[in-house]
Amino acid sequence: MRIFILILMTFVFMSCEKKELPAPKYDRGDVQTMQIAMTNTYKNQIWVSLGENKIVSTNFKTDWDLAFETSTTGYHVLMNTGLSSRVYKTNQVLLQNVTDTIGLGINGTVDSPTGNLDSTAIGDWQTNINVYIVERGYTETGQHLGYYKIKFISVNSSQFTFEYGNIFGAQTFTGTVIKNSDCNFSMYSFNTNQQVTIEPLKTNYDLCFTQFTHVFTNPLHYYLVSGALINPSKTRVAI
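Scoring rules and cut-offs
- Residues numbered from 1 in each chain as written.
- Predicted model: local features only at pLDDT ≥ 70, side-chain atom pairs only at ≥ 80, totals over all residues.
- Heavy atoms only, no water.
- Patch = residues over 30% accessible without salt bridge, like charges linked within 9 Å, V, L, I, M, F, W, Y side chains within 5 Å.
- Areas by Shrake-Rupley, 256 points an atom, 1.4 Å probe, with all protein chains shown as cover.
- Salt bridge = Lys/Arg side-chain N within 4 Å of Asp/Glu carboxyl O.
- Helix = DSSP H or I, 4+ residues; strand = E, 2+ residues; numbered from the N terminus.
- Buried < 20%, exposed > 50% of the residue type's maximum accessible area, 1.4 Å probe, protein only.
- Pairing = 2+ DSSP bridges.
- Axes fitted to C-alpha atoms, helices over the stretch in contact; angles between N-to-C directions.
- pLDDT = per-residue confidence, 0-100.
- Contact = heavy atoms within 4.5 Å.
- Core = buried A, V, L, I, M, F, W, Y, C linked by side-chain atoms within 4.5 Å.

Caption draft 1: How the structure looks around a nonpolar patch on the surface. On the surface, a nonpolar cluster with roughly 250 Å² of combined accessible area is contributed by Val 93, Leu 94 and Ile 129. Structurally, the position occupied by Ile 129 is in the loop between β5 (86-89) and β6 (132-135). Note on Ile 129: relative accessible area 57%, which makes it exposed.

See below:
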């Protein structure tokens, strides 16, 4: 009898349940399609304006190594994670004392793919006078770009100053990066030993299609991902 009553009540509730109605169609507006030619080796970094539906600029991902924050109070330095680059902190304060990678280990630090400036591999170098080792990463064909040693000297409202050189070479350089507040970052290349123009004006683009390094934990593993990074000064994303 109890079983019969339970079945009857279930039937009554089911018969009273309202049927779902499909959402009415509505005009979603104009939809535009754009193709991004990163090539089969993903060698390109492509900067795109969604509002203008166009590619603003394109560069090879190997064209730069470091990106310097351009705000007047900015001091952060970012890596080119599209190269799978890594940073190692040493206990040396002089460049000439860093001449090899012995004891370096295999797990350097990488920038967070979130773009959070509090999660950079180099961190707050103003409180650390020691030399960093930069593993530059790899080209699109898998060629290793080698190791550089670098020591950051100073920063002010208009520029950065630093010393660096190939870890296995005797020659060192003094680098200067001028802050351009019209961009989010000013870039520097170890290939040319000078500041290079890479990022478009921060008012001119929304997304950068490139590669970046994702960090897996347990076990620790770095993986190169192809995707889109947002313009940190004006673009917000909701899922």
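Still more to cover.
Caption draft 2: Layout of the sheet that holds strand β9 (residues 173-178). If you walk across this open sheet you meet the five strands as β5-β6-β7-β8-β9, and the pairing is antiparallel. Where the open sheet ends on each side, the last strands, each with one partner, are β5 and β9. Across the sheet, the mean angle from the axis of one strand to that of its neighbour is 30°, orientation sign disregarded. As paired strands, strand β8 (residues 159-166) and β9 are joined by six bridges and run antiparallel to one another. When the sheet's bridge partners are listed, Tyr 164 is paired in β9 with Phe 173.

Caption draft 3: Representation of the pairing of strand β2 (residues 54-60) in the model. As judged from the six bridges shared by strand β1 (residues 44-49) and β2, these two strands associate in the antiparallel manner. In the sheet register, Ile 46 faces β2, and the bridge partner there is Thr 58. The turn joining β1 and β2, which pair antiparallel and follow one another in sequence, is formed by four residues; a positive phi near 50° is taken by Asn 53.

Caption draft 4: Highlighting the confidence of the model for the protein. Per-residue pLDDT for the protein has a mean of 89; in total, 91% of the residues score no lower than 70. Under a pLDDT of 50 for its full length, residues 1-17 has, in the predicted model, zero contacts with residues more than four places off or in other chains.

Caption draft 5: Highlighting unusual backbone geometry. Backbone torsion omega between Asn 218 and Pro 219 reads 0°, so that peptide bond is classified as cis. Its location among the elements puts Pro 219 in the loop between β12 (207-216) and β13 (221-230). One non-glycine residue, Thr 39, adopts positive backbone phi at about 70°. Tracing the chain through its elements places Thr 39 in the loop between α1 (2-16) and β1.

Caption draft 6: Fine view of the pattern of salt bridges. Evaluation of the coordinates by the stated rule reveals three salt bridges. Between Glu 52 and Lys 54 there is a salt bridge, and its shortest N-O distance comes to 3.1 Å. Lys 234 is the partner of Asp 206 in a salt bridge, and the nearest nitrogen-oxygen pair spans 3.6 Å. Remark: Lys 234 occurs in the segment after β13 and Asp 206 occurs in the loop between β11 (194-196) and β12; sequence separation between them is 28 residues. Lys 234 gets classed as partly exposed once you look at its relative accessible area, which sits at 42%.

Caption draft 7: Examining the sheet that holds strand β10 (residues 185-189) more closely. Read from one edge to the other, the open sheet built from four strands follows the order β4-β3-β10-β11, with strand pairing classed as antiparallel. Taken across any chain shown, the strands that pair with only one partner, and hence form the sheet edges, are β4 (77-79) and β11. With strand direction ignored, the average angle separating the axes of adjacent strands in the sheet is 35°. Here strand β3 (residues 66-69) pairs with β10 via four bridges, running antiparallel. Note on β10: the bridge partner recorded for Glu 69 is Phe 185.

Caption draft 8: Here's a closer look at the nonpolar core. Core analysis: the biggest nonpolar cluster contains 19 residues, and Phe 68, Val 77, Ile 122, Ile 150, Phe 152, Phe 162 and Phe 190 have the highest contact counts within it. Listed by contribution, the elements that provide at least two residues to this core are β3, β4, β6, β7 (147-155) and β8. With sequence-adjacent residues up to four places away left out, Phe 152 is seen in contact with Phe 68, Val 77, Ile 122, Trp 125, Tyr 132, Thr 161 and Phe 162. Counting ten residues, the second-largest nonpolar core is a separate cluster that includes Trp 47, Leu 78, Met 187 and Cys 208.

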